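Listed below, chain by chain, are the residues.
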Amino acid sequence: MATDLPAEQELVILGTGLQEAIIAAACSRIGQRVLHVDKRMYYGGNWASFSFSGLLSWIEECNGQTSSSLETVNLQCKILEGEDTILLDQVDQSIENLEVFCYVSAEEDAEEAADVQMKQANGTSSAESENKVLNQSEESPSYKTAPSDDVESPTQCSDVQLSTKDAPSASSSTTSEMDVDKKEIPITAASDDGNEANNAEKPNIMFATQKVKEEMKKMTYSQIMKNGRKFNIDLTSKFLYSRGPLVDLLIKSNVSRYTEFKNVTRILTCQGGKVEQVPCSRADVFASKQLTVVEKRMLMKFLTFSLEYEQHTDEFQGFQDKAFSEYLKTKKLTENLQYFILHSIAMVSDTASTTEGFKATQHFLQCLGRYGNTPFLFPLYGVGEIPQCFCRMSAVFGGTYCLRHSVQCLVVDRETGRCKAVIDSIGNRITCEHFIVEDSYLPQKHTKNIQYRQISRGVLITNGSVFKSDSEQISILTVPAMEQGRPSVRIIELCPSSMTCPQGTYLVHLTCPSSGTAKEDFEAVVTALFVNYNETEEMTCSDEEDEKPKVLWALYFNVRDSSAIDRSAYEGLPSNVYICSGPDPALGFEHSVKQAEAIFKQLFPEEEFCPPAPNPEEIIYDSDGTQQGDAGFGSSTKTEESVKESINENAEPIGGGDKVIETTQSLDMNEMNQESEMTNPDAQTLKCSTSETNT
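To start, this report covers the structure provided alongside it. What you are looking at is a predicted structure, and each value in this text was computed from that prediction instead of being measured. (Residues numbered from 1 in each chain as written. Predicted model: local features only at pLDDT ≥ 70, side-chain atom pairs only at ≥ 80, totals over all residues. Heavy atoms only, no water.)

## Overview of the overall build of the protein chain
Piece 1. Of the regular secondary structure elements, the protein chain holds 17 helices and 25 strands.
Piece 2. Per-residue burial for the protein chain yields a buried fraction of 54% across its 695 residues.
Piece 3. Of the contacts formed within the protein chain by residues at least 6 apart in sequence, a portion of 75% connects residues at least 24 apart. (Helix = DSSP H or I, 4+ residues; strand = E, 2+ residues; numbered from the N terminus. Buried < 20%, exposed > 50% of the residue type's maximum accessible area, 1.4 Å probe, protein only. Contact = heavy atoms within 4.5 Å.)

If you want it as structure tokens, here you go:
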């Protein structure tokens, strides 16, 4: 209960984003008393991951359709003589320009939802069930209608929440209709008497096949709602570099035991509106049919040089501060190779310097082969799992967690100028040595001179992949600017085996630095690679458009980017108040881990950052069954290989919203089927799923 919160803490942390979660885990691990609170009812803040119904609730909250139930108290009786207060902002203003479009039909929603309700109702008349669902479907919508006169505006169905067990299984007829990527469809032509017609005419069979394919492509909004709990939709879309700081931190701290990862299987590129796969490893390069023999040799020579570019600075003397794209032209590389290197390997902008380009290329190559044929990993169930994993580690070592609870103000001692206590939303006064806060909670008077940048984000639910394949793939695609003044767009496409979307659908994340609203930034890219579902219902589209994946539902929004703001830019804050930024636009997690470690070192410069946590079998108990006082806080001799045997079966799950953190088998690494010859990776233990699982 919030009324039972301890009155004294060493650290009070407000916000459960990634940096705050890492700091909470690191401080709890060394024995500090940590109180971690969030005004939201879910973990992660702008790093969170939602089911479809949870995302609808988040949209309503951002649009101001739902108000916070947090109360405010009279502070006068809580403030002592010689103290001042700093009121914190209780309204999140980090999300702007939120737009939602639904391109599937909503006509059958009420009827289908009524059928589900009547099946679930025990002792309820069919008329009562139907009326109940119809009333729910008539509530005020929070959507913009898709630009079609034939498609009705979908109703807000967030109140109708169906559990996973209520959703059709993979073998059910509903799921089969959604599986639009299925290559072969069994067709049985029946005669009038019900027997199989072995002598059916070929034109009739072709017509029946086409009819079944068309029926399978039909999609309604209620089908998305029924499978809503199979979605895990991230507000922040990123990958982990296999040799990046977050992977190293997960292994070192043993937080890796709480989650599981999947290899990113494809890196794609888009030239002239055509999507192609980029060869990464030596084997891929020489097996590629996109490159000529000469291009293959040129590419391998350049990549080999990039691995050791620091030892041959004379090769690019005078180009260090010039554009990397200009340097590539001097190497007599073909336009095709220049495009691959710049946008799909280095993944830098056209204006990035040569030094930045070589550094990014080297990092890409060094990450190859550690866990798969690309440098990237993706956490199963979404990026929102990672902050929750660190929150779990903090809770295991004594951290106190309270969601839907907030800090109303800071209490500042006038003499020392330090924050000495906080007052929460129900009037509890909690003394603390340090206070850590997400920047979205800071009042305007402390940020009035700060110019925030923005990140454009788009989330699409589609019925197919931008680059069709016989197996499910997790892909990344960088599309250069298609219009003057617009940034390049990073596209991450997730398949059902990533546990982020149901069978028959794909989840597409678009990210770029903002130059306008998110809808404006992504409009050209979405038009080039996708087609709206309702535009194909009349079957009037061209063959080229019919091959494009169809957008069923789309969300666009801008989110604040404060990653480049220095602590000194915030005015009037006590010295023991530390600021954590929100998500940054980069593909990896380097900034977040670096910021979390920097804050921890300011707090406890003599302590180790996130030391290894013991495995359950390493904890020693005395004869009475009680744990020794220093058990679990000493140095651990656990190596990365021993992570394979570690498992915590008795830990209680921690979760927010519709999800919980599941304790999984430790991250043991599967054997590599093919290892890049350009690097010499050492054996690591991160549990990566390489098999294509079906949800």
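What follows picks up the thread again.
## Points about the pattern of salt bridges
Piece 1. Counted under the stated rule, the structure contains 15 salt bridges.
Piece 2. Between R486 and D521 there is a salt bridge whose closest N-O contact spans 2.8 Å. Of this pair, R486 sits in the loop between β19 (475–479) and β20 (489–494) while D521 sits in helix α15 (residues 518–529); the two residues are 35 residues apart in sequence, bridging distant segments of the chain.
Piece 3. What you see here is one network of salt bridges that share partners, running through D38, R40, D92 and E438. (Salt bridge = Lys/Arg side-chain N within 4 Å of Asp/Glu carboxyl O.)

## Thoughts on the side chain of S49
Piece 1. Residue position: S49 is located in strand β3 (residues 49–50).
Piece 2. Among the polar contacts made by the side chain of S49, one reaches the side chain of D234 at a distance of 3.2 Å. (Polar contact = N/O pair within 3.5 Å; in protein donor to acceptor, adjacent residues only side chain to side chain.)

## Observations regarding the packing of helix α1 (residues 18–29) against helix α14 (residues 385–396)
Piece 1. The interhelical angle for the contact between α1 and α14, taken along N-to-C directions, is 20 degrees, at an axis separation of 8 Å. By the criterion of interaxial angle, the relationship of α1 to α14 is roughly parallel. As for how α1 packs across α14, the hand of that crossing is left-handed. Counting all contacts with α1, which are made through L18, A21, I22, A24, A25 and S28, the residues of α14 involved are I386, P387, F390, C391, M393 and S394.
Piece 2. The residue makeup of the contact of α1 with α14, split by class, is 10 nonpolar, two polar and no charged. (Axes fitted to C-alpha atoms, helices over the stretch in contact; angles between N-to-C directions. Parallel < 35°, antiparallel > 145°, perpendicular 65-115°, else oblique. Left-handed = near helix turned anticlockwise from the far one by under 90°. Nonpolar A, V, L, I, M, F, W, Y, C, P; charged D, E, K, R; others polar.)

## Considerations on the pairing of strand β15 (residues 419–424)
Piece 1. Most of β15 is tucked away: five of the six residues are buried.
Piece 2. Between the antiparallel neighbours strand β14 (residues 407–413) and β15 lie five residues, among them G417 with a positive phi of about 75 degrees.
Piece 3. Inspection of the sheet shows β15 paired to strand β16 (residues 429–431) by three bridges, in the antiparallel sense. The residue bridging V422 from the neighbouring strand is I430, located in β16.
Piece 4. Taken together, β15 and the strand that follows it, β16, pair antiparallel across an intervening segment of four residues, in which G427 is found at a positive phi of about 95 degrees. (Pairing = 2+ DSSP bridges.)

## Some details on the sheet that holds strand β13 (residues 400–403)
Piece 1. If you trace the five strands from one edge of the open sheet to the other, you get β13-β2-β1-β17-β24, paired in parallel fashion. Of all the strands in the sheet, the pair left with one neighbour each is β13 and β24 (577–580). When strand polarity is set aside, the average angle formed by the axes of neighbouring strands in this sheet is 15 degrees.
Piece 2. Pairing analysis gives four bridges linking strand β1 (residues 11–14) to strand β17 (residues 434–438), with the strands arranged parallel. What sits directly across from I13, in β17, is I436.
Piece 3. Its contacts with the sheet put α1 on β1, β2 (34–38), β13, β17 and β24, and the angle it makes with β2 is roughly 160 degrees.
Piece 4. Together, β1, β17 and β24 form the strand contacts of helix α17 (residues 590–603), whose direction differs from that of β24 by roughly 170 degrees.

## Topic: the layout of surface pockets
The method is simple in principle: a probe with the dimensions of a water molecule rolls over the atoms, and the space it marks as empty is what remains.
Piece 1. Roughly 1100 Å³ of internal volume is contained in the largest pocket.
Piece 2. Residue lining of the largest pocket: 29 residues in total, with A346, M347, V348, A586 and L587 positioned closest to the centre.
Piece 3. When residues of the lining of the largest pocket are traced back to their parent elements, those giving at least two are α13 (354–367), β18 (453–462), β20, β21 (506–513) and α17.
Piece 4. With five residues, the top contributor of residues to the lining of the largest pocket is α13.
Piece 5. Classifying every residue of the lining of the largest pocket by side-chain character gives 12 nonpolar, 10 polar and seven charged. (1 Å grid on protein atoms, 1.4 Å probe; cavity = no way out; pocket = protein on both sides within 12 Å on 5 of 7 lines; lining within 4 Å. Points joined across faces, edges and corners; volume = space filled by probe spheres on them.)

## Points about the packing of aromatic side chains
Piece 1. Considering all chains together, one arrives at 26 aromatic pairs under this definition.
Piece 2. Ring centres 5.0 Å apart and planes at 65 degrees place the aromatic pair Y241 and F376 in the edge-to-face group. You can see Y241 sitting in strand β8 (residues 240–241) and its partner F376 sitting in strand β12 (residues 376–379), a full 135 residues away along the chain. Of the two residues examined, Y241 and F376, each falls in the buried class.
Piece 3. Consider the rings of F316 and F358, whose centres lie 5.0 Å apart with planes at 40 degrees: the pair is tilted. Taken together, the residues F316 in the loop between α10 (293–307) and α11 (324–330) and F358 in helix α13 connect sequence positions 42 residues apart.
Piece 4. By relative accessible area, which is 3% here, F316 ends up buried.
Piece 5. Here F358 falls in the buried class, since its relative accessible area comes to 0%. (Phe/Tyr/Trp six-rings, centres within 6.5 Å; stacked < 30°, edge-to-face > 60°.)

## Looking at the sheet that holds β15
Piece 1. Read across the sheet, four strands follow the order β4-β14-β15-β16 without closing on themselves; strand pairing throughout is antiparallel. Two strands close off the open sheet at either side, each with one partner strand: β4 (83–87) and β16. With strand direction ignored, the average angle separating the axes of adjacent strands in the sheet is 30 degrees.
Piece 2. Inspection of the sheet shows β4 paired to β14 by five bridges, in the antiparallel sense. Residue pairing across strands places L87 opposite C409, the latter belonging to β14.

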